[in-house]
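Structural description and commentary
Next come the chains, spelled out residue by residue.
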Amino acid sequence: MKYPLSEKYDTPELMEKIMGPNPLKLEEELLTDHLIPEGSTVCDLGSGQGLTSVFLAKECGFKVYAADLWSDPEENRKFFDEMGLSEEEIIPVKADAENLPFEKEFFDAVVSTDSYNYFGRNAYYLDEKLLPFVKSGGYIYIAIPGMKKNCHDNLPKELLLSWTPEQLEYMQDIEYWKNIIASCKGAQLISISEMESNEEVWADWLKQENEYAIGDRKAIEAGGGKYLNFIKFVLRKK
């Protein structure tokens, strides 16, 4: 697919901020024809250094809370200021996804790009940890790295060039996620599917010269990408 919105941010300075396969392209695909009203208050859950939060504010017109446990809110605030976004448009928050510091039913929607697989694999998570902060009828849009088919019982040697079996546990297939979501009582699954933007987002990431991208090159250059995909799913709170 084409990425006319993400291409606005395709500069060396901004690409240095990505922490994995290009999250802007993932988010653009995830939110194509989305159902979240403009002006909604949205949580960017696992926002990293804030690129996806900027996209949500600038390209979608949301008021964004950039929630992340590992990034520095002061550094993100400085970045948002540089991007021309005020405190009325985007707010950085240091937040643990397991213990979100917001009022109940605070958000119109939650968007999570390339992070939900780290904390959302527990069956209780949606009902107990996330949905209480979403308004009735609100949406959750998620894009995560995954596997085309579960191969954890016989992990390909190509994947093990870059990742340990423990790290690969964070990558699961669509059936795995369907089972997780099926246990959720408080939300309806609107859609779940494999994303188009697998090869392109990996290519953008592997161009980077940080140690993590360099480490990931081993698996992908050996053909490990044929086992991997990205998965998107959309939920609506009942």
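Residues numbered from 1 in each chain as written. Predicted model: local features only at pLDDT ≥ 70, side-chain atom pairs only at ≥ 80, totals over all residues. Heavy atoms only, no water.

Looking at helix H2 (residues 23–30)
- For H2, the tally of buried residues reaches 8 of 8 residues, placing the bulk of the element in the interior.
- Among the residues making up H2, those that are buried are Pro-23, Leu-24, Lys-25, Leu-26, Glu-27, Glu-28, Glu-29 and Leu-30.
- Buried residues along H2 sit against helix H1 (12–15), helix H3 (51–60), strand S4 (107–113), strand S5 (134–147), helix H9 (198–206) and strand S7 (228–237).
- The opening residue of H2 is Asn-22, an N-cap whose side-chain oxygen sits 3.0 Å from the backbone nitrogen of Leu-24. (Buried < 20%, exposed > 50% of the residue type's maximum accessible area, 1.4 Å probe, protein only. Helix = DSSP H or I, 4+ residues; strand = E, 2+ residues; numbered from the N terminus. Contact = heavy atoms within 4.5 Å. Polar contact = N/O pair within 3.5 Å; in protein donor to acceptor, adjacent residues only side chain to side chain.)

As for the sheet that holds S4
- Taken in spatial order, the 7 strands of this open sheet run S3-S2-S1-S4-S5-S7-S6, and their pairing is mixed. Each having just a single partner strand, strand S3 (90–94) and strand S6 (187–194) make up the two edges of the open sheet. Going across the sheet, the axis of each strand differs from the next one's by a mean of 15°, ignoring polarity.
- Relative to S3, strand S2 (residues 63–68) runs parallel, the two being bridged by 5 bridges. Across the sheet, residue Ala-66 finds its bridge partner in S3, namely Pro-92.
- Across the sheet, H2 touches S4, S5 and S7, and the angle it forms with S4 is around 135°. (Pairing = 2+ DSSP bridges. Axes fitted to C-alpha atoms, helices over the stretch in contact; angles between N-to-C directions.)

Quick word on the pairing of S2
- Extensive coverage of S2 is indicated by the burial of 5 of its 6 residues.
- Where strand S1 (residues 41–45) lies against S2, 5 bridges are found, and the strand directions are parallel. Paired with Thr-41 across the strands is Lys-63, a residue of S2.
- With H3 bridging S1 and the parallel S2, this β-α-β connection has right-handed handedness.
- Crossover S2 to S3 through helix H4 (residues 73–82) is right-handed. (Right-handed = clockwise from strand over helix to strand, strands pointing away.)

Some details on the packing of aromatic side chains
- One pass over the full model with this rule turns up 18 aromatic pairs.
- Relative to Phe-107, the ring of Phe-102 has its centre 4.8 Å away and its plane inclined at 80°; by these criteria the two rings are edge-to-face.
- The exposure class of Phe-107 is buried, given its relative accessible area of 1%.
- Ring centres of Phe-106 and Phe-107 lie 4.9 Å apart, and the angle between their planes is 90°; on these two criteria the pair is classed as edge-to-face.
- Taking the relative accessible area as the measure of exposure, Phe-106 reaches 25% and is therefore partly exposed.
- Connected via pairs of aromatic rings, a cluster forms that spans Tyr-116, Phe-119, Tyr-125, Tyr-176, Trp-177 and Phe-233.
- Lying across the ring of Phe-79, Lys-17 places its NZ or CZ 4.3 Å from the centre.
- Over the ring of Phe-133 we find Lys-104; its NZ or CZ atom is 6.0 Å from the centre of that ring. (Phe/Tyr/Trp six-rings, centres within 6.5 Å; stacked < 30°, edge-to-face > 60°. Lys NZ or Arg CZ within 6 Å of the ring centre and 35° of its normal.)

Re the nonpolar core
- By size, the foremost hydrophobic cluster in this structure holds 47 residues, and its most contacted members are Ile-36, Leu-56, Val-111, Tyr-141, Trp-163, Trp-202 and Leu-228.
- For this core, the leading source of residues is H3, giving 6 residues.
- Residues within four places of Leu-56 in sequence aside, it is in contact with Glu-27, Leu-31, Val-42, Asp-44, Gly-61, Phe-62, Val-64 and Val-111.
- Within the second largest apolar cluster, 31 residues are counted, among which are Cys-43, Tyr-65, Phe-102 and Tyr-116. (Core = buried A, V, L, I, M, F, W, Y, C linked by side-chain atoms within 4.5 Å.)

Observations regarding the pairing of S4
- Within S4, 6 of the 7 residues are buried, which leaves it mostly tucked inside the rest of the structure.
- Sheet analysis places S1 next to S4, joined by 3 bridges and oriented parallel. What sits directly across from Cys-43, in S4, is Val-110.
- Strand direction decides the pairing type here: S4 and S5, joined by 6 bridges, are parallel.

Digging into a negative patch on the surface
- A contiguous patch of negative charge, built from Asp-72, Glu-74, Glu-75 and Glu-82, is present on the exposed surface.
- Here Asp-72 is to be found in the loop between S2 and H4. (Patch = residues over 30% accessible without salt bridge, like charges linked within 9 Å, V, L, I, M, F, W, Y side chains within 5 Å. Areas by Shrake-Rupley, 256 points an atom, 1.4 Å probe, with all protein chains shown as cover. Salt bridge = Lys/Arg side-chain N within 4 Å of Asp/Glu carboxyl O. Lys, Arg positive; Asp, Glu negative; His and termini not counted. Charge placed at Lys NZ, Arg CZ, Asp CG, Glu CD.)

Side note on the pattern of salt bridges
- In this structure the tally under the stated criterion is 9 salt bridges.
- The partner of Glu-59 in a salt bridge is Lys-8, and the shortest N-O contact between them spans 3.0 Å. Of this pair, Glu-59 sits in helix H3 while Lys-8 sits in the segment before H1, and the two are 51 residues apart along the sequence.
- For the salt bridge of Arg-217 with Glu-209, the shortest nitrogen-to-oxygen distance reads 3.1 Å.
- The class of Arg-217 is buried, set by a relative accessible area of 18%.
- Through salt bridges with shared partners, one network takes in Lys-25, Glu-200, Asp-204 and Lys-207.

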